[in-house]
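Letter by letter, the chains look like this.
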Amino acid sequence: MKLYLKQKFFSMDDSFKVLDINGKDKYYGKSESVFPGKIFRLYDMKENELAAVEERCSEFGSKKYFIHMNGKQVCEVVNKNSFFKERYIAEGLGLEIEGDFFARRFNITRKGNRVVVLNKKAVSRGDCYEIDIENESDVINALALVIVIDCIREAREVGGGC
């Protein structure tokens, strides 16, 4: 299943929408600032909240990311980077993210099996992620992790400490 997450360019509220392969709206999201950090909320088209990604500042000035569903924290995304590879573990979801922030391509796997392939594409009016999801049951987890990846990427581009 292919989905496309499109961000609004120069949007003050960090809003985005998720489209299917035919360009039909499937999900949408928006952020809210909370001290210290942000919360990104993902909704279906009936305005039901499906997930929230919380960006928090740690006591050491770095950012941490947590995924919440149904009001409960289900995941912490932990940095496991090495010198040559970008790698994160989605503790609580059993998923691993590997990629190249410069090549803009990421794989999300479960026990070595590919779950999601993510490609970032530059378009004229904002950024777009092409998300290829193997199993429909992983859609919400995949979208929440795409939000985390985008937050990490943005923090790096703007010198992202807290």
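Our structure is the block above this text.
None of these values were measured; they are calculated from a predicted model.

(A) Just the overall build of the protein, in detail. Assigned secondary structure in the protein consists of one helix and twelve strands. Counted over contacts in the protein with a minimum sequence separation of 6, partners at least 24 positions apart contribute 30%. Carbon and sulfur atoms make up 49% of the accessible area of the protein, which amounts to about 9400 Å² in all.

(B) Layout of the nonpolar core. Ile-67, Ile-131, Leu-143 and Leu-145 are the most contacted members of the largest nonpolar core, which has 38 residues in total. Counting residues per element, this core draws most heavily on helix α1 (residues 139–157), which supplies eleven residues. Not counting residues within four places of it along the chain, the set of residues in contact with Leu-145 comprises Ile-67, Val-77, Ala-90, Leu-95, Ile-97 and Ile-108.

(C) View of the pattern of salt bridges. One pass over the full model with this rule turns up ten salt bridges. Salt bridges linked by common partners bring Glu-32, Arg-41 and Glu-49 together as one network.

(D) Representation of the layout of surface pockets within the structure. Within this model, the second largest pocket holds a volume of roughly 300 Å³. Taken together, 14 residues form the lining of the second largest pocket, with Lys-63, Tyr-65, Asn-79, Tyr-88 and Ile-152 sitting closest to its centre. Where the lining of the second largest pocket is concerned, the elements lending two or more residues are β6 (63–69), β7 (72–79) and α1. Here the lining of the second largest pocket is composed, by residue class, of six nonpolar, four polar and four charged.

(E) Main features of the environment of Lys-38. One can find Lys-38 in strand β4 (residues 37–44). C-alpha of Lys-38 to C-alpha of Glu-55: the two residues are 17 residues apart in sequence and 5.2 Å apart in space. Those residues in contact with Lys-38 that sit more than four places away from it in its chain are Asp-14, Ser-31, Glu-32, Ser-33, Val-53, Glu-54 and Glu-55.

(F) View of the environment of Arg-104. With respect to the helices and strands, Arg-104 occurs in the loop between β9 (95–100) and β10 (105–110). According to the relative accessible area criterion, Arg-104 is partly exposed, its value standing at 30%. Note: C-alpha distance between Arg-104 and Lys-120 (16 residues apart in sequence) is 5.2 Å.

(G) The arrangement of α1 in detail. Over its 19 residues, α1 extends 27 Å from the first C-alpha to the last, a length consistent with the 27 Å expected when each residue adds 1.5 Å. With 15 of its 19 residues buried, α1 lies for the most part within the structure.

(H) Highlighting the side chain of Asp-150. Following the sequence through the fold, Asp-150 ends up in helix α1. Each residue touching Asp-150, except ones within four places of it in the same chain, is listed here: Gln-7 and Tyr-129.

What counts as what
- Residues numbered from 1 in each chain as written.
- Predicted model: local features only at pLDDT ≥ 70, side-chain atom pairs only at ≥ 80, totals over all residues.
- Heavy atoms only, no water.
- Helix = DSSP H or I, 4+ residues; strand = E, 2+ residues; numbered from the N terminus.
- Contact = heavy atoms within 4.5 Å.
- Areas by Shrake-Rupley, 256 points an atom, 1.4 Å probe, with all protein chains shown as cover.
- Core = buried A, V, L, I, M, F, W, Y, C linked by side-chain atoms within 4.5 Å.
- Buried < 20%, exposed > 50% of the residue type's maximum accessible area, 1.4 Å probe, protein only.
- Salt bridge = Lys/Arg side-chain N within 4 Å of Asp/Glu carboxyl O.
- 1 Å grid on protein atoms, 1.4 Å probe; cavity = no way out; pocket = protein on both sides within 12 Å on 5 of 7 lines; lining within 4 Å.
- Points joined across faces, edges and corners; volume = space filled by probe spheres on them.
- Nonpolar A, V, L, I, M, F, W, Y, C, P; charged D, E, K, R; others polar.
- Expected span 1.5 Å × (residues − 1).

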